[in-house]
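Structural overview
Chain by chain, the residues run as shown.
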Amino acid sequence: MIQYKRFIRTTNMGSGDQINIVPGETISDKEITSEIEAGLGIPAIRTMSVLEAVGGLIAKKLTEGCTVNLKSIGHIRPSLALNESGEPEIKKVIFQPNSKLKGRFTQAEFEEVK
């Protein structure tokens, strides 16, 4: 269940209703590996090794300027900005979900928190 709060935002461009997600649970890599073990039977220790390797490879490819396309979830790419000394650096990593992942969002349930 995704909890959210509604508020009115007023700017020089106008005003209107806005919503923000109320921070919820964070799932750890350990919990992910346990769920994969329970659902698929792949030992958690092996799954953890794969997650660590994937994370390292994604970081390596992002630092090489690559966009990473993961078929089941979407694209991950670096975003550059200039640091204090005027040199470029990776400031953000942008995640763009694909239509397959977005299609799974229809299962989300929402609850307004007052």
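Residues numbered from 1 in each chain as written. Predicted model: local features only at pLDDT ≥ 70, side-chain atom pairs only at ≥ 80, totals over all residues. Heavy atoms only, no water.

**A look at the sheet that holds strand β4 (residues 74-82)**
Defined as follows: One bridge is not enough; two strands pair if DSSP finds at least two bridges between them. Elements are defined by DSSP. Helices are runs of H or I of four residues or more, strands are runs of E of two residues or more, and each kind is numbered from the N terminus. Only the stretch in contact is used when a helix axis is fitted, and all axes are lines through C-alpha atoms; the angle between N-to-C directions ranges over 0 to 180 degrees.
Strands sit in the order β3-β4-β5 across an open sheet of three strands; the sheet is antiparallel. A strand with exactly one partner marks an edge of an open sheet, and here the two such strands are β3 (68-70) and β5 (88-97). Averaged over neighbouring strand pairs, the angle between their axes works out to 25° when direction is ignored. Here β4 runs beside β5; their pairing, made up of nine bridges, is antiparallel.

**Some thoughts on the environment of Thr67**
We apply this condition: By definition in these notes, contact holds between two residues if any of their heavy atoms fall within 4.5 Å.
On the secondary structure map, Thr67 appears in the loop between α2 (44-63) and β3. Between the C-alpha atoms of Thr67 and Phe105, which are 38 residues apart in sequence, the distance is 23 Å. When residues no more than four places from it in sequence are discounted, the contact partners of Thr67 are His75, Ile76 and Arg77.

**Digging into a negative patch on the surface**
The criterion, for reference: Patch membership requires over 30% relative accessible area and the absence of a salt bridge. Like charges are linked within 9 Å, and nonpolar side chains (Val, Leu, Ile, Met, Phe, Trp, Tyr) within 5 Å. Here the accessible surface of atoms and residues is derived via Shrake-Rupley with a 1.4 Å probe, and residues count as covered only by protein chains that are part of the display. Any Lys or Arg side-chain nitrogen found within 4 Å of a carboxyl oxygen on Asp or Glu counts as a salt bridge. All tallies of charge rest on Lys and Arg as positive and Asp and Glu as negative; His and the ends of each chain are not included. By convention, charge coordinates are those of NZ in Lys, CZ in Arg, CG in Asp, or CD in Glu. Throughout this description, buried means an accessible area under 20% of the type-specific maximum (1.4 Å probe, protein chains only), exposed means over 50%, and partly exposed covers the range between.
On the surface, Glu25, Asp29, Glu31, Glu35 and Glu52 cluster together to form a negatively charged patch. Tracing the chain through its elements places Glu31 in helix α1 (residues 29-40). Given the relative accessible area of 40%, Glu31 is considered partly exposed.

**Some remarks on the environment of Val54**
If you trace the backbone, Val54 turns up in helix α2. Using a relative accessible area of 39% as the deciding quantity, one classes Val54 as partly exposed. With 14 residues separating them in the primary sequence, Val54 and Leu40 have C-alpha atoms 19 Å apart.

**Some details on the pattern of salt bridges**
Scanning the model with the defined rule gives five salt bridges in all. A salt bridge links Glu64 to Lys60; the shortest N-O distance between them is 3.0 Å. Assessed through its relative accessible area of 45%, Glu64 is described here as partly exposed. Lys61 is the salt-bridge partner of Glu64, the closest N and O atoms lying 3.4 Å from each other. By relative accessible area, Lys61 is classed as partly exposed at 30%. Overlapping salt bridges, with partners in common, bring together Arg6, Glu112 and Lys114 in one network.

**Re the packing of α1 against α2**
For the record, the criterion: Our angle categories are set so that under 35 degrees counts as roughly parallel, over 145 as roughly antiparallel, 65 to 115 as roughly perpendicular, and the remainder as oblique. Left-handed describes a crossing whose near helix is turned anticlockwise from the far helix by less than a right angle; the clockwise case is right-handed.
Here α1 crosses α2 at 130°, and the two axes come no closer than 8 Å. By the angle class used here, α1 and α2 are oblique. Helix-helix and strand crossings are classified by hand; for α1 and α2 the assignment is right-handed. Contacts between α1 and α2 pair Asp29, Lys30, Ile32, Thr33, Ile36 and Glu37 from the former with Ala44, Thr47, Met48 and Leu51 from the latter.

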